[in-house]
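Structural features, examined
Here are the chains, one letter per residue:
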Amino acid sequence: MSKELSFQYRGDYIVNLHQLRRWYRLFHPMVASVIVVPDPKNQYNLMPAVWAYPISAREPYIAVGVAPERYTFSLLKKASEFTVSILPSTESRLIRELGDVSGKDVNKLDRFHLELEEPLSNSVPHIKGSIAWVEAKLEEIIERPNWDHALFIGRVLIAAASKLAFDEAELIWKLDSPEHTPASWLGGDFFVKLVQGEKVR
Ligand SMILES: Cc1cc2nc3c(=O)[nH]c(=O)nc-3n(C[C@H](O)[C@H](O)[C@H](O)COP(=O)(O)O)c2cc1C
């Protein structure tokens, strides 16, 4: 019996989320950011990561879930700092392509003709053209033998956002054009087109 046929249903709902395998996609779309990490071979490596998310606001902390087979995993194990770049949705294809190759095999900065810009607080630059970025100091790694991703926890040192893309008064993305919208991944080959937020109060 194929996996698809072994799902359980309750009325209109697929309820067997274990066999669904990609259950986490219920939580997508999420911003598809790019982790920049020091690399002795390529100077810096770039890894798209949709599992890069805030875990504490007042004391600012970010977690990045990285699978052990990624080259970035081995680099983060040795790193003390990393930076997270948020690119506009107009760069969705670039983000996909960055995720199709490994820094083990190619220098992604050269391959995709990307430039980096100087950091403000740590020593790890961000991608030129980012609409926002976060510079972090790596403080902790949480791993479990049965997990397929480890959590790299960083203390956020600075967070910067483009005035054109981010509303300073409301502290929200403007989403008024694809250039002012963070690239967001739905799953598989699909990115989303976010539209302007709606006030519900
Ligand atoms: C949109 C997108 C999001 C991704 N998110 C993650 C993620 O959160 N964690 C992860 O380990 N891999 C993620 N990946 C896969 C890695 O980016 C991909 O395997 C990449 O080639 C690894 O590069 P590296 O070997 O140079 O580290 C994602 C890929 C894409 C395209």
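Described below are features of the structure shown in this document.

Calculation notes
Residues numbered from 1 in each chain as written. Predicted model: local features only at pLDDT ≥ 70, side-chain atom pairs only at ≥ 80, totals over all residues. Heavy atoms only, no water. Pairing = 2+ DSSP bridges. Helix = DSSP H or I, 4+ residues; strand = E, 2+ residues; numbered from the N terminus. Axes fitted to C-alpha atoms, helices over the stretch in contact; angles between N-to-C directions. Contact = heavy atoms within 4.5 Å. 1 Å grid on protein atoms, 1.4 Å probe; cavity = no way out; pocket = protein on both sides within 12 Å on 5 of 7 lines; lining within 4 Å. Points joined across faces, edges and corners; volume = space filled by probe spheres on them. Nonpolar A, V, L, I, M, F, W, Y, C, P; charged D, E, K, R; others polar. Salt bridge = Lys/Arg side-chain N within 4 Å of Asp/Glu carboxyl O. Buried < 20%, exposed > 50% of the residue type's maximum accessible area, 1.4 Å probe, protein only.

1. Describing the sheet that holds strand β7 (residues 61–66)
Read from one edge of the open sheet, seven strands run β5-β4-β8-β11-β12-β7-β6, paired in antiparallel fashion. Bordering the open sheet on either side are β5 (43–49) and β6 (52–56), each of which pairs with just one other strand. Each adjacent strand pair in this sheet contributes to an overall mean axis angle of 35°, direction not counted. Examined bridge by bridge, strand β4 (residues 33–39) and β5 share seven bridges and lie antiparallel to one another. Directly across from V37, in β5, lies its bridge partner N45. Where helix α2 (residues 71–78) meets the sheet, it contacts β4, β5, β7, β8 (81–86), β11 (132–142) and β12 (150–161), and its direction lies at approximately 60° from that of β4.

2. A word on the layout of surface pockets
The volume enclosed by the largest pocket comes to roughly 720 Å³. Of all the secondary structure elements, the ones that give two or more residues to the lining of the largest pocket are β5, β7, α2 and α3 (92–98). Residue composition of the lining of the largest pocket, by class: 15 nonpolar, eight polar and eight charged. Taken together, 24 residues make up the lining of the second largest pocket; nearest its centre are P54, I62, I86, V134 and A159. Contributing elements (two or more residues each) for the lining of the second largest pocket: β3 (30–31), β6, β7, β8, β11 and β12. Across the lining of the second largest pocket, the residue classes break down as 22 nonpolar, two polar and no charged.

3. Focus on the pattern of salt bridges
Here the structure, examined in full by the defined rule, presents six salt bridges. Here E143 makes a salt bridge to K77, at a shortest N to O gap of 2.7 Å. Taken together, the residues E143 in the loop between β11 and β12 and K77 in helix α2 connect sequence positions 66 residues apart. Using a relative accessible area of 43% as the deciding quantity, one classes E143 as partly exposed. Salt bridges sharing partners connect three or more residues here, namely R96, D100 and D189.

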